[in-house]
Amino acid sequence: MPDSDQQPDLGIDALVVAARTDRVALGRLYEAYYERILGYCWRRLNQRLAAEDVCSETFLSVARKMSSFRGTTEKDFRRWVYRIATNELNAYLRRSIRRKDLWDNAVQENRLQGENSSSPIHHNDSVDWPVVHQAIRRLSAREQTIVALRLHEEMSHDEIGRILGMRPGAVRVTYSRAIHKLRDLLSSNITTWSYSSNHKGGSCPFERRVERFFRPVSGGVGAERPGLRCGSDCG
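Please read these numbers as outputs of a predicted model, since none were measured by experiment.

(A) Structural view of the overall build of the chain. The helix and strand inventory of the chain stands at ten helices and zero strands. Tracing the chain from N to C terminus, the helices and strands come up as α-α-α-α-α-α-α-α-α-α. When each of the 235 residues of the chain is scored for burial, the buried share is 51%. Taking contacts inside the chain between residues at least 6 apart in sequence as the whole, the part at least 24 apart equals 64%. As presented, the chain carries roughly 11,400 Å² of accessible surface, and 47% of it is formed by carbon and sulfur atoms.

Set out below in structure tokens:
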């Protein structure tokens, strides 16, 4: 495998192809995607150290399999690396006999980090984020994955479908049901969340608040992103 530090200034698509045989190109892909994948893992596990472990396993898997990867564009690589990360996350959770403890520790960790700027959760509002943690924990693994990919990664239903092997319509339905389920689980906080029962499509107030859970604060993992449009009936 070539090991030249004089890697030309390749576009991202060219890097994907070059990375099959060039470890410098692979390193540049790693640098481009590490924070994104770490942020995704963090939102699924809610613990930094666990997220770092799964993120590391993801990129070790990428390094092992890159020579046989047949994608030729960044979109191909993006779908592939998120599919690997999702599989690693699910495997981690299956191996974790004390899955409940993982979440309970995360809730306590976020309480302790309430004034820590490095915390990924927004604390400067009246939302009880530990309650949100508990509600998200009650979603199925697939629902958690879809909500995280949709809100944190801003992926389309089609792209999520390609990652998870689902039809876009099925992704849309699962996502909508998950948002409704979270709304119902958090019904005691409806007034706090400024939910409008008359909302029909567009940018849902409840969904925007859920999005803030998945979206990192400025200076944390990843970057601030604009709000999404719900595209479903949340009323």
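(B) How the structure looks around the packing of aromatic side chains. According to the stated counting rule, one finds eight aromatic pairs in the structure shown. Centre to centre, the rings of Y30 and Y34 are 5.3 Å apart; their planes meet at 45 degrees, and the pair counts as tilted. Here Y34 and Y30 lie together in helix α2 (residues 23-45), a separation of four residues that amounts to about one turn. An aromatic cluster is built from Y33, F69, F77 and W80, whose rings are joined through pairwise contacts. The ring of W42 has R43 sitting right over it, with the charged end atom 5.5 Å from the ring centre. For the cation-ring pair, R150 lies above Y175, with the distance from its terminal atom to the ring centre recorded as 5.9 Å.

(C) Structural context of the pattern of salt bridges. Tallying each qualifying case throughout the model produces six salt bridges. One salt bridge in this structure joins E159 and R78, with 2.7 Å as the shortest N-O distance. Within this pair, whereas E159 is found in helix α8 (residues 157-164), its partner R78 is found in helix α4 (residues 74-95), the two being separated by 81 residues in sequence. Grouping residues by exposure puts E159 and R78 together as buried.

(D) Representation of the side chain of R79 in the model. Here R79 is to be found in helix α4. Nearest to the buried, unbridged R79 among oppositely charged side chains is D76, at 4.2 Å. When near neighbours in sequence (up to four residues on either side) are disregarded, R79 contacts D158, E159, R162 and I163.

(E) A look at the nonpolar core. Counting 51 residues, the largest nonpolar core has I37, V62, M66, F77, V81 and Y82 as its most contacted members. Those elements that place two or more of their residues in this core are α1 (12-18), α2, α3 (48-65), α4, α6 (129-137), α7 (141-151), α8 and α9 (168-185). Sorting elements by how many residues they give to this core places α2 first, with eleven residues. If we ignore the near neighbours within four places in the chain, the residues touching V81 are Y33, I37, T58, F59 and V62.

(F) Fine view of α7. Counting buried positions along α7 yields nine of eleven residues, so the element is predominantly enclosed. Of the positions making up α7, those classed as buried are E143, Q144, T145, I146, V147, A148, L149, R150 and L151.

(G) Region of the structure containing unusual backbone geometry. Of note, the phi angle at N46 is positive, near 65 degrees, even though the residue is not glycine. N46 sits in the buried class, given a relative accessible area of 4%. Of note in the backbone geometry, E154 takes a positive phi value of approximately 55 degrees without being a glycine. On the secondary structure map, E154 appears in the loop between α7 and α8. Judged by its relative accessible area of 28%, E154 is partly exposed.

(H) Expanded view of the state of the cysteines. Across all of its chains, the model carries zero disulfides by this definition. The structure places no disulfide on C41, whose sulfur is separated from the nearest cysteine sulfur, that of C55, by 5.3 Å.

So, how was this worked out
- Residues numbered from 1 in each chain as written.
- Predicted model: local features only at pLDDT ≥ 70, side-chain atom pairs only at ≥ 80, totals over all residues.
- Heavy atoms only, no water.
- Helix = DSSP H or I, 4+ residues; strand = E, 2+ residues; numbered from the N terminus.
- Buried < 20%, exposed > 50% of the residue type's maximum accessible area, 1.4 Å probe, protein only.
- Contact = heavy atoms within 4.5 Å.
- Areas by Shrake-Rupley, 256 points an atom, 1.4 Å probe, with all protein chains shown as cover.
- Phe/Tyr/Trp six-rings, centres within 6.5 Å; stacked < 30°, edge-to-face > 60°.
- Lys NZ or Arg CZ within 6 Å of the ring centre and 35° of its normal.
- Salt bridge = Lys/Arg side-chain N within 4 Å of Asp/Glu carboxyl O.
- Lys, Arg positive; Asp, Glu negative; His and termini not counted.
- Core = buried A, V, L, I, M, F, W, Y, C linked by side-chain atoms within 4.5 Å.
- Disulfide = S-S within 2.5 Å.

The values are spatial; any link to function lies outside them.
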